[in-house]
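Chains, contacts and geometry: an overview
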Amino acid sequence: MLITALTIFVLAMFVGFEIITKVPPTLHTPLMSGSNAISGITLVGAILATDGPIAGTLGFIAVVFATINVIGGFLVTHRMLGMFRKKK
Amino acid sequence: MFETSLDISFLAVSEPILDKVGQAIASATWANLGYLISATFFIFGIKGMTHPRTAVRGNMLGAIGMILAVLVTLWQFHGSTTAFLVVLLGVAMGTIVGVILAAKVQMTQMPQLVALLNGFGGIASLLVAGAEVVKKAAGIPYPAATGFAAALAGIIGAVTFSGSIVAAGKLHELPAFKDPIRFDGQQIANALLVGICLILAFVMMAGYGWPFWLLILLAGVLGVLLVSPIGGADMPVVIALLNSYSGLAACAAGFVINNNVLIIAGALVGASGLILTGIMCRAMNRSLAHVLFGTLEAKPGSVTADEIYSGKIKETSAEEIAMLLDSVQRVVFVPGYGLAVAQAQHIVRELAELLEARGAEVCYGIHPVAGRMPGHMNVLLAEAEVPYDQLKEMDEINPLFPQTDVVIVIGANDVVNPVALTDPNCPIYGMPILTVHEAKTVIVIKRSLSPGFAGIPNPLFAADNCLMYFGDGKKALNDLIAAVRES
């Protein structure tokens, strides 16, 4: 189980390195805000954690923070990318 | 006969149980399949970011992947109905705040927003690990690896959260964060904090839950102590690093709850942040350790500003520049953060369009550390409707300078200082620069001869092919536009 998870982790890191080195500097800020939104995936863990009095409270706070991360990240990236235009 | 009846009773008792177990396995399989699809969306989404043409679609693919992951999770949720409603309430609250933040933020404030969102991601991962610690403390002791992963999620999450809040506060120039926390032996204190956190992590491997709460407290203090002394010019590195941490925190949380989509998405973001951190460090020719623990101090150089500048500065006027720009073929603008501070991006674009209408080729040379975060200057210029194909990165623009008639430097200083190439004793030696001094004429628009972040004089200003146009960025450019229109 652990080895499988570690394998997935290492392979995903390689995939990340491969793709991201190809991102041009022009798009580094949207890349950061967009990937930032993706790191809000912890929302999945937050939802699953929300049950019972103490764990549920922690889970609820996590859900709020992670959702801000996800929604804020994707929307602001969308807003930024809308500004990038090619020459008319 | 006897056997058959036994068989039937066996089936009668266990069929519902078997059915339930079977259903649970089936549901987990479907959920994991859903998570795999959403991880694929994330990868294609980031791949879309490799070109401005596909970036909008890429971001949407990422968002679709996220919606899918959340729907799968809600479908798989086996908590009480109340808990389900609590989740929906949390999502609704987060959505409202997220929408407001994304809609209100100005492009100059992007670094602090990204820092803040990094921090939120970090604390969410920390809390996920915390909830798991609470749950398991109540019942089943967890395996050593889970305990260690929870400790890591706690440490990285807490450092990301407190560090990001300090970074965002500093970038937003809030008074509370203005004075850096510095004391003797700070490095030793930091090392001690890391050491204690790791010891506590090992205690957690033995199945204890209590060290988690002490550990996040200490890691939180560590985040503050690490980020607080770091100066404004190094902020791009810090934000990129915190971006990486927020991903790694999610990844560690994924190990705690055994969830592959968290591990994959977290690893992607972790890799992304690490690459950007490396790019920023290289652009400043500084090691990560030096950025984090060292301070960039201006050595009293062998030559003083007076020696370099006296009698060699040639001042120019709007009219003179307008004449110079009359018959140029290629003009390169080199914007620095000073341009964004003066909010003069739109005026630069106006001037550029004016020159293009007269047949000149215009582009923008952008140093990687021109803004407050990686790629920040590009966003600020894109906002001012500068087409992205005119934005050239350093490696692309440097070979063009010898064939450039006029370079206009606005609000940039250290990134065009030729001593970085020539003087091994100067603090910025080895930093890659935009070689504007190779152009036929360089015009520097600047308020005064004051030095940049590095605190050293710039011999470019005294060069034979350099003209200084002193003035406030916005006003100077407006005067220039008026003069160009008249000529």
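Procedures and definitions
- Numbers given for residues are sequential positions, taken from 1 along each chain in its written order.
- Whichever chain is written first becomes A and whichever ligand is written first becomes 1, with later ones labelled in order.
- Two thresholds apply to this predicted model, a pLDDT of at least 70 for residue-level local features and 80 or more for giving and counting side-chain atom pairs, whereas whole-chain, interface and lining totals are computed over all residues.
- For side-chain calculations, the full set of non-hydrogen atoms in the structure is used, while hydrogens and water are omitted.
- Numbering of helices and strands runs from the N terminus, with a helix taken as a DSSP run of H or I at least four residues long and a strand as a DSSP run of E at least two residues long.
- Here the term buried applies to any residue with accessible area under 20% of the maximum for its type, exposed to any over 50%, and partly exposed to those in between, with areas from a 1.4 Å probe on protein chains only.
- Think of it this way: Lys and Arg go in the positive column, Asp and Glu in the negative one, and His and the chain ends go nowhere.
- The atom standing in for a charge is NZ when the residue is Lys, CZ when it is Arg, CG when it is Asp and CD when it is Glu.
- For the radius of gyration, the atoms used are the C-alpha atoms, and the globule rule reads 2.2 Å times the number of residues raised to 0.38.
- Pairs of residues are marked as contacts when any of their non-hydrogen atoms sit within 4.5 Å.
- Here the open area of atoms and residues is found with the Shrake-Rupley method and a 1.4 Å probe, where only the protein chains shown may cover a residue.
- Any helix carries an expected span of 1.5 Å times its number of residues minus one.
- A quick way to say it: buried area is the sum, across both parts, of accessible area lost when two parts are put together, with a 1.4 Å probe.
- Salt bridges, as used here, are contacts in which a Lys or Arg side-chain nitrogen is within 4 Å of a carboxyl oxygen on Asp or Glu.
- We define a polar contact as two N or O atoms separated by no more than 3.5 Å, with the added condition that, inside protein, one atom must be a possible hydrogen donor and the other a possible acceptor, whereas residues neighbouring each other in sequence contribute only through side-chain atom pairs.
- Residue polarity follows a fixed list, in which Ala, Val, Leu, Ile, Met, Phe, Trp, Tyr, Cys and Pro are nonpolar, Asp, Glu, Lys and Arg are charged, and the others, Gly among them, are polar.
- Per residue, pLDDT captures the predictor's confidence, and it can take any value from 0 to 100.
- Per the annotation, domain bounds derive from an automatic or database assignment of domains.
- Two rings from Phe, Tyr or Trp (for Trp, the six-membered ring) form a pair when their centres are within 6.5 Å of each other. A pair whose planes differ by under 30 degrees is stacked, one over 60 is edge-to-face, and the rest are tilted.
- Placement of a charge over a ring requires the Lys NZ or Arg CZ to be within 6 Å of the ring centre, with the centre-to-atom vector within 35 degrees of the ring normal.
- Here, nonpolar core refers to any group of buried Ala, Val, Leu, Ile, Met, Phe, Trp, Tyr and Cys residues whose side-chain atoms link them within 4.5 Å.
- Note on pairing: DSSP must find at least two bridges between two strands before they are called paired.
- Axis geometry follows a simple rule: fit a line to the C-alpha atoms, using only the stretch in contact for helices, then measure angles between N-to-C directions, giving values from 0 to 180 degrees.

Our next topic: the overall build of chain B. Looking only at helices and strands, chain B has 18 helices and six strands in total. Taking the principal axes of the C-alpha coordinates as reference, chain B spans close to 115 × 55 × 35 Å. Here chain B holds 487 residues, and 53% of them are scored as buried. Between the centroid of the 26 positive side chains of chain B and the centroid of its 34 negative side chains there is a distance of 2 Å.

A tally of regular secondary structure across chain A gives four helices and zero strands. Its helices and strands taken in sequence order, chain A reads α-α-α-α from the N to the C terminus. Its C-alpha atoms give chain A a radius of gyration of 17 Å, clearly above 12 Å, the size a compact globule of 88 residues would have. Projecting the C-alpha coordinates of chain A onto the three principal axes gives extents of approximately 60 × 30 × 15 Å. Expressed as a percentage of its 88 residues, the buried residues of chain A come to 62%. Summarising the internal contacts of chain A: among those between residues at least 6 apart in sequence, 64% fall at separations of at least 24. Carbon together with sulfur atoms contributes 76% to the accessible area of chain A, which is approximately 3400 Å² in total.

What follows covers helix 14 (residues 345–357) of chain B. All names here are of chain B. Helix length check: helix 14 (13 residues) gives 18 Å between terminal C-alpha atoms against 18 Å at 1.5 Å per residue, within 8%. For helix 14, the full list of buried residues reads Gln345, Ile347, Val348, Arg349, Leu351, Ala352, Leu354 and Leu355. Those residues of helix 14 hidden inside the fold are in contact with strand 1 (330–335), helix 13 (337–341), strand 2 (361–366), helix 15 (376–383), strand 4 (406–410) and helix 18 (473–486).

Moving on, we come to the side chain of A:Thr77. Mapped onto the elements, A:Thr77 comes out in helix 4 (residues 53–81). Discounting residues that sit within four places of it in the chain, A:Thr77 has contacts with A:Pro30, A:Ser33, A:Gly34, B:Met49 and B:Asn59.

On the side of chain B, 105 residues touch chain A, which itself brings 74 residues to the contact. Carbon and sulfur atoms make up 80% of the surface buried where chain A meets chain B, a total of about 7700 Å² over both sides. Here chain A and chain B share zero salt bridges between them. Summed over the shared surface of chain A and chain B, the result is 15 residue pairs in polar contact (both at pLDDT 80 or more). Only helix 1 (2–20), helix 2 (28–39), helix 3 (42–49) and helix 4 of chain A provide two or more residues apiece to the side of chain A that touches chain B. Looking at which element gives the most residues to the side of chain A that touches chain B, the answer is helix 4 of chain A, with 25 residues. Residue classes in the side of chain A that touches chain B are distributed as 48 nonpolar, 20 polar and six charged.

Let us now look at the confidence of the model for chain B. All names here are of chain B. Predicted confidence across chain B gives a mean pLDDT of 88, with 93% of residues reaching 70 or more. In the model, residues 1–13 has pLDDT below 50 throughout and makes zero contacts with residues more than four positions away in sequence or in other chains. The ipTM, which scores confidence in the relative placement of chains, is 0.96 for this predicted complex, and the corresponding pTM is 0.89.

Turning our eyes to something else, we now look at the pattern of salt bridges. Residues and elements named next belong to chain B. Applying the stated criterion to the full structure yields 10 salt bridges over all chains. Here arginine 349 ties to glutamate 353 by a salt bridge, and the two come within 3.3 Å at their closest N and O atoms. Pair noted here: arginine 349 and glutamate 353 are both in helix 14, with a separation of four residues, about one helical turn. You can call glutamate 353 partly exposed: its relative accessible area is 38%.

Turning our attention to the domain arrangement of chain B. All names here are of chain B. Its domain assignment divides chain B into domain 1 (23–293) and domain 2 (305–486). Look at where the C-alpha atoms of domain 1 and domain 2 centre, and you get two points 38 Å apart. Of the residues lining the interface, 21 residues belong to domain 1; the matching set on domain 2 comes to 20 residues. Between domain 1 and domain 2, a total of about 1600 Å² is buried, with carbon and sulfur atoms accounting for 76% of that surface. Ranking the residues of domain 1 by area buried against domain 2 places Met107, Thr108 and Ala283 at the top, with a combined share of 32%. Inspection of the region where domain 1 meets domain 2 yields zero salt bridges. For the pair domain 1 and domain 2, the interface holds two residue pairs in polar contact (both at pLDDT 80 or more).

Right, let's talk about the packing of aromatic side chains for a bit. If you walk through the whole model with that rule in mind, you get eight aromatic pairs over all chains. Look at A:Phe65 and B:Phe120: their rings are 4.9 Å apart centre to centre, the planes differ by 55 degrees, and that puts the pair in the tilted class. Placement of A:Phe65 in helix 4 and of B:Phe120 in helix 4 (residues 110–138) is noted, with the two residues assigned to different chains. Note on accessibility: A:Phe65 and B:Phe120 belong to one class, buried. Taken together, the aromatic side chains of A:Phe65, B:Phe120 and B:Phe161 make up a single cluster linked through ring pairs. One Lys or Arg, B:Arg372, reaches over the ring of B:Tyr337 and ends 4.1 Å from the middle of that ring.

This brings us to unusual backbone geometry. Unusually for a residue other than glycine, B:Asn258 sits at a positive phi of about 55 degrees. Along the chain, the position of B:Asn258 falls in the loop between helix 8 (235–257) and helix 9 (260–284).

This brings us to the nonpolar core. Counting residues in each nonpolar core, the largest one holds 160 residues, and the members touching the most others are A:Ile41, B:Phe333, B:Tyr364 and B:Ile408. Among the elements that line this core, the one with the most residues is helix 4 of chain B, at 15 residues. Formed jointly, this core draws a minimum of three residues from each of two domains, domain 1 (23–293) and domain 2 (305–486) of chain B. Non-local contacts of A:Ile41, meaning those with residues more than four positions away in its chain, are made with B:Phe42, B:Met66, B:Ala69, B:Ala250, B:Val261, B:Leu262 and B:Ala265. Of all hydrophobic cores here, the second largest spans 39 residues; its members include B:Val436, B:Ile456, B:Leu460 and B:Ala463.

Residues and elements named next belong to chain B. Pairing is parallel in the open sheet, where six strands are placed in the order 3-2-1-4-5-6. Since the sheet does not close on itself, it has two edges, and those belong to strand 3 (391–393) and strand 6 (466–470), each with one partner. Each strand of the sheet is rotated relative to its neighbour by a mean of 25 degrees, with strand direction disregarded. Note that strand 1 and strand 2 share four bridges and pair parallel. Residue pairing across strands places valine 331 opposite valine 362, the latter belonging to strand 2.

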